[in-house]
Structure formats: structure tokens, C-alpha cells
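Read off the chains here:
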Amino acid sequence: VQLVESGGRLVQAGGSLRLPCAVSGLTFNDLTMGWFRQAPGKEREFVAAISRGGIIRQYADSVKGRFTISRDNAKNTVYLQMNSLKVDDTAVYYCAAVSVPYNAVKVRAQEYAYWGQGTQVTVSS
């Protein structure tokens, strides 16, 4: 099982990034996918989640209206589009997966079974 995030880099405040997370070794269509982030000295926090069919999406209040989670089941990939980035968005971003037999989202890290290694996003002022 592998979850591989990419796309993290240094970006100026107000800019945009798209983070893909490619999944292998699992039946992607069965997975609820989530994005979490962890800033230095802080706990890992929920960012966004999407159900197996893409019908249900949920966002943290801090990113609502700026970030969009999406998935391409044909490519076994989940994306996090991040717009209007702020310095406070600086963190390591992780994607996570869990097999759920119905359309649902999960917002707690402990509900996810599989994790990627993370990708660093740094937003400068």
C-alpha cells in the first residue's frame, strides 16, 4: 500500500497550489480520502475529506471557500486545490485513506488506516 503526495513547495501568500496524492495497493473506489496538515509545534489537523463516490466533501472552517478536494477514480488520485494561500497554511500536508463501504467522510485522524509521507507547503508573506 502506498500513498504518495507531491506538489508541495514555497509559494507567496495569495498564491495557489495543487497537491496530488496517488494511491496504489488499495481499491481506490472503496476509499474515503482525507487531507490533514501539521505545522511545527502543532498537532495534526483535519483539512478536507471526500467520500468514495465524491458525493460528500467536508472542509475545516479554516480552509472553507479556499481549498477544494477532488478525486479521479480512473487515476487512483485525490487532489487538494489550495487557493488564496495564507502564511498560516504553512505545514506538512498528508493524505490519508480508509476503506468505507458507503459514501461517508471521516474527519478524525485516528479513523484513517493508511497515510502518505507528507509534502511540505511553505507560504511566505
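Report follows, based on the coordinates. (Residues numbered from 1 in each chain as written. Predicted model: local features only at pLDDT ≥ 70, side-chain atom pairs only at ≥ 80, totals over all residues. Heavy atoms only, no water.)

Attention now goes to the pattern of salt bridges. In the structure shown here, the tally under the stated rule is six salt bridges. One salt bridge connects aspartate 89 with arginine 37, and the closest N-O pair in it is separated by 2.9 Å. Here arginine 37 lies in strand β4 (residues 31–38) and aspartate 89 lies in the loop between β8 (77–82) and β9 (91–99), a separation of 52 residues in the sequence. Since its relative accessible area comes to 6%, arginine 37 is described here as buried. Aspartate 89 is the salt-bridge partner of arginine 66, the closest N and O atoms lying 2.7 Å from each other. Of this pair, arginine 66 sits in the loop between β6 (57–59) and β7 (67–72) while aspartate 89 sits in the loop between β8 and β9; the two residues are 23 residues apart in sequence, bridging distant segments of the chain. There is no split in this pair, since arginine 66 and aspartate 89 are both buried. Among the charged side chains, a salt-bridge network with shared partners connects Arg37, Glu45, Arg66 and Asp89. (Salt bridge = Lys/Arg side-chain N within 4 Å of Asp/Glu carboxyl O. Helix = DSSP H or I, 4+ residues; strand = E, 2+ residues; numbered from the N terminus. Buried < 20%, exposed > 50% of the residue type's maximum accessible area, 1.4 Å probe, protein only.)

On inspection of all chains with the given rule, the structure shows one disulfide. Here cysteine 21 connects covalently by a disulfide to cysteine 95, the sulfurs 1.9 Å from one another. Of the two residues, cysteine 21 sits in strand β3 (residues 17–24) while cysteine 95 sits in strand β9, which places them 74 residues apart along the sequence. Cysteine 95 shares its class with cysteine 21; the two are buried. (Disulfide = S-S within 2.5 Å.)

For valine 100, the position within the fold is in the loop between β9 and β10 (114–115). Once you skip the residues sitting within four places of it in the chain, valine 100 turns out to touch Asp30, Thr32, Arg52 and Lys106. (Contact = heavy atoms within 4.5 Å.)

The computed volume of the largest pocket comes to approximately 200 Å³. For the lining of the largest pocket, the class distribution of residues is three nonpolar, three polar and eight charged. (1 Å grid on protein atoms, 1.4 Å probe; cavity = no way out; pocket = protein on both sides within 12 Å on 5 of 7 lines; lining within 4 Å. Points joined across faces, edges and corners; volume = space filled by probe spheres on them. Nonpolar A, V, L, I, M, F, W, Y, C, P; charged D, E, K, R; others polar.)

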